[in-house]
Structure formats: C-alpha cells, structure tokens
Amino acid sequence: MNKTRTSNFEILRILAIFLILLMHVYSHVPKAEMSTCNLFLGQLINTIGNIGVTCFVLISGYFGLKFKIHRFIQLILLTTFYALIIYITNNGFTLHPDILNALLVIPLYKNWFIACYLILMLLAPFINDYLENAEKEKIKKLLAIQFIVFSILPTLFNTSFYTILTGGGKCLIYLIFIYMIGRYLRKYHNVNIKRRKTFGMFLLMTSIILILNLSISAILNKRLSIYAMDCSPFILISAISIFYLFKSFTFQSPFINYVASSILAVYLLDRIRIPIDNHLIQLTQYANNPMLILYIIVVVLLTFTMAILIDKIRELLLTRLEDKLINRTIKCYELFRLNFHRIITRKI
C-alpha cells in the first residue's frame, strides 16, 4: 500500500493550521468595540476554523501513526524549544514565572494539542492493531457509540462544565475518536467523491452552524458558538467533507511539501503574532473597521512566514545537535530499561 503523502494532503495540513491561526488572531480583538458585521465575521471564522484540528488528526489517522521514539522525543524538544522562543519574544531575557510554563509546557498541559498528540502517538500502535484485526461491523458500532457520546450529546447538552469531553472536544478522548475515523476511512471507505458533493456538504454544514449559533445567540442574548465546537457533529461532517475534497486532487509539489514539513512549527510559534499585533498592525484599532478581516489575514500571513523561516533556520543550525541530544536520550532510556528489567528479574 502506497503511503506517500501527495501534496494535496500537505495543502490541507497547511490550510488547517492557517484556519487555527485565523481563529487565534481574531479572538484577541476586543469584541465590545466590534461592529455587527465583524461580530458575524467571528462566527464565520469559528465555523470554518474549527475544522482545522479535526482535519489534521483525520490525516494522521488516514495515513496511520507509527510510534517512533526519535520523533516522539523530537516533538517534545521542539515544543519546549519554541515555547522558550515565545517566552523570550514576549518577556525578553528577564526571569518571569512564565518561564516555568515554557520549560514544562508538556507536563503542565500548556499546549493541549501537542500533549494529546504525544499520547496519541503512544496509543496509535494499539489502536492500529485493533482496527486492523477487528470486524468491520464491530468497528462501525464502536464509532457510532463514540459519535453519539463524544459528539452529539456534548453538543446537545452543552454546559459550562464538561464531564466526558473537556474544552468542547479539545482533549485526548476526542482526538482518539477522530484518529479512528481516519483509519476507518482508509481501510473501508478509501474512495473519491465528486468535488461538488463534498464542497456542497461543507457549505451546507457551514450554513447550518451559522444559523444555529446566530439563533441561539439571539435567543439567549449573548454571543455563543456551541455548534462550532470541535466536537460538534456539524464540524465533524464539515471536516470529513473537506478531507474528501482534497483527497480527490492528486499532484506533487516539492515547494508545498517543503513548507508543509515545518507546519507544526507554525502552530508551536503561534504566539509570535503578539509583537506583530502590538507593534506593527495593532488590530484593536480596526475592531470597528470593515477591513478587519484583511488586517487579520496580514497578521496570520506574517506569523506563518516568520514561523516557517525560524523553523528552517533551526533545521540548518541545530539539526545535528538535536539528533545527538535525542540519540543520547534514547541510549539513556535503553540503559535504564535494561537495568530495570534486570532488577525485576532478580527479584522474581
């Protein structure tokens, strides 16, 4: 089975991160000063943007994650390294309590997606084995139960405190569910669907989410985005539609693949947008401006470009050092595991 990622999926990964950045930038513009048009813009950005994480994990599920300890440690190092860069960017080289958040970004769950993704990497071999060997009907029933419990019910009975899912789907449980859908699509529904159908479904889901969110916001007299949460069934269907839309394209682009290889760094360096906003664009002054969306896109593009450049410079200057550190860590781990096994064996 050919598992080479063609550029269509790389573009989708780039788009997913772009949409996530778009939401993050918009969320820091004061809502109290916004025009009605720009408040509606926020609903639209959330509606489209929240498919980003789901699309990213669907792709991981479709191709399948294989646990590789080198990649696992590298992701921890990159997350910590870029968290320190963000800290220095926003605080300089002065000591501040926030430096602990940067150094302990993984165990303190300061980056929810990376923490969950690391655990998903650990669990993926077991999930893959189960899905490979289980009967199709059993998998369908399991996915159906998960869909009801992890998507429909949390959306229908949305409350201030989440019991099964945290953050409206921003948690490990929901990522596992999405990953399993991606594996299922690869094994049992690896087909191409007409683009007008997939794009049409995306537009339908987007319209439904907007209508429902605007309606409930008007009824309760406060701004709500319940139906655009990560775990929303409408967001899930929308993400799957976009996934199949991009799946229908097949082409190779070395440049796109080159950029996409640093796409996770863009997510990790998301907060370098803060000095861009504070000192260059200052989005606050455009809160009531009909051109707000253009200024937001400029901030996103600048953030995106700077993050890619930083990551490519890191690759150029620090790859050897990084590999040495990772290999030394692996050797220490293997030595510890061997000694621990000997101690346990002697006691038995």
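For the structure, check the block above.
Residues numbered from 1 in each chain as written. Predicted model: local features only at pLDDT ≥ 70, side-chain atom pairs only at ≥ 80, totals over all residues. Heavy atoms only, no water.

## Considering unusual backbone geometry
Link 1 in the chain: Phi at Y109 is positive, roughly 60 degrees, even though this residue is not glycine.
Link 2 in the chain: Residue classification places Y109 among the partly exposed positions, given a relative accessible area of 39%. (Buried < 20%, exposed > 50% of the residue type's maximum accessible area, 1.4 Å probe, protein only.)

## Considering the packing of helix 1 (residues 7–27) against helix 10 (residues 233–247)
Link 1 in the chain: At a closest axis distance of 8 Å, the pairing of helix 1 and helix 10 adopts a crossing angle of 145 degrees. Crossing of helix 1 against helix 10: the hand is right-handed. Only I242, F243, F246 and K247 of helix 10 make contact with helix 1, whose side of the interface consists of N8, F9, I11, L12 and L15.
Link 2 in the chain: Here the residues of the contact of helix 1 with helix 10 sort into 7 nonpolar, 1 polar and 1 charged. (Axes fitted to C-alpha atoms, helices over the stretch in contact; angles between N-to-C directions. Helix = DSSP H or I, 4+ residues; strand = E, 2+ residues; numbered from the N terminus. Left-handed = near helix turned anticlockwise from the far one by under 90°. Contact = heavy atoms within 4.5 Å. Nonpolar A, V, L, I, M, F, W, Y, C, P; charged D, E, K, R; others polar.)

## Quick look at the environment of I293
Link 1 in the chain: Mapped onto the fold, I293 is located in helix 14 (residues 292–347).
Link 2 in the chain: Linking I293 and N38, residues 255 residues apart in sequence, is a C-alpha distance of 8.1 Å.
Link 3 in the chain: Other than its neighbours up to four places away in sequence, I293 contacts L41 and I45.

## What about the side chain of Q74?
Link 1 in the chain: Considering the arrangement of structural elements, one finds Q74 in helix 4 (residues 69–91).
Link 2 in the chain: Given the relative accessible area of 15%, Q74 is considered buried.
Link 3 in the chain: With near-sequence residues (within four places) excluded, Q74 lies in contact with E322 and I326.

## Some words on the pattern of salt bridges
Link 1 in the chain: Here the structure, examined in full by the defined rule, presents 8 salt bridges.
Link 2 in the chain: Residue D230 is joined to K170 by a salt bridge in which the shortest nitrogen-to-oxygen separation is 2.8 Å. You can see D230 sitting in the loop between helix 9 (195–220) and helix 10 and its partner K170 sitting in the loop between helix 7 (136–156) and helix 8 (172–188), a full 60 residues away along the chain.
Link 3 in the chain: Since its relative accessible area comes to 4%, D230 is described here as buried.
Link 4 in the chain: Residue classification places K170 among the partly exposed residues on the basis of a relative accessible area of 31%.
Link 5 in the chain: A salt bridge links E315 to K312; its shortest N-O distance comes to 3.9 Å. In this pair, E315 and K312 are both assigned in helix 14, 3 residues apart and thus about one turn of the helix distant.
Link 6 in the chain: According to the relative accessible area criterion, E315 is partly exposed, its value standing at 29%.
Link 7 in the chain: The structure contains a network of salt bridges with shared partners spanning D311, K312, R314, E315 and E322. (Salt bridge = Lys/Arg side-chain N within 4 Å of Asp/Glu carboxyl O.)

## Re the nonpolar core
Link 1 in the chain: Formed by 103 residues in total, the largest nonpolar core has its most connected members in F113, I114, Y174, F243 and L292.
Link 2 in the chain: Broken down by element, this core gets its largest block of residues, 12 residues, from helix 1.
Link 3 in the chain: Ignoring anything within four residues of it in the chain, the contact list for F243 reads F9, L12, L58, I59, Y62 and L185. (Core = buried A, V, L, I, M, F, W, Y, C linked by side-chain atoms within 4.5 Å.)

## Section: a nonpolar patch on the surface
Link 1 in the chain: A contiguous nonpolar surface patch, about 720 Å² in accessible area, is contributed by F81, L309, I313, L316, L317, L318 and L321.
Link 2 in the chain: Take the nonpolar patch: its biggest share by element is 6 residues, from helix 14.
Link 3 in the chain: Inspection of the secondary structure puts L316 in helix 14. (Patch = residues over 30% accessible without salt bridge, like charges linked within 9 Å, V, L, I, M, F, W, Y side chains within 5 Å. Areas by Shrake-Rupley, 256 points an atom, 1.4 Å probe, with all protein chains shown as cover.)

## Here we look at helix 10
Link 1 in the chain: Helix length check: helix 10, at 15 residues, gives a terminal C-alpha distance of 21 Å against a target of 21 Å (1.5 Å per residue), a fit within 8%.
Link 2 in the chain: Burial analysis of helix 10 places 12 of its 15 residues in the buried class, the great majority of the element.
Link 3 in the chain: Considered for burial, the residues of helix 10 that qualify are P233, I235, L236, S238, A239, S241, I242, F243, Y244, L245, F246 and K247.
Link 4 in the chain: Of the surrounding secondary structure, the elements contacted by the buried residues of helix 10 are helix 1, helix 2 (36–49), helix 3 (51–63), helix 7, helix 8 and helix 9. (Expected span 1.5 Å × (residues − 1).)

## So, the packing of aromatic side chains
Link 1 in the chain: Enumeration over the complete set of coordinates arrives at 19 aromatic pairs.
Link 2 in the chain: A connected cluster of aromatic rings, assembled from ring pairs, spans F9, Y62, F63, F243 and Y244.
Link 3 in the chain: Here the basic side chain of R186 rests over the ring of Y62, its NZ or CZ set 4.5 Å away from the ring centre.
Link 4 in the chain: Residue placement shows K312 over the ring face of Y258; its charged tip is 3.8 Å from the ring centre. (Phe/Tyr/Trp six-rings, centres within 6.5 Å; stacked < 30°, edge-to-face > 60°. Lys NZ or Arg CZ within 6 Å of the ring centre and 35° of its normal.)

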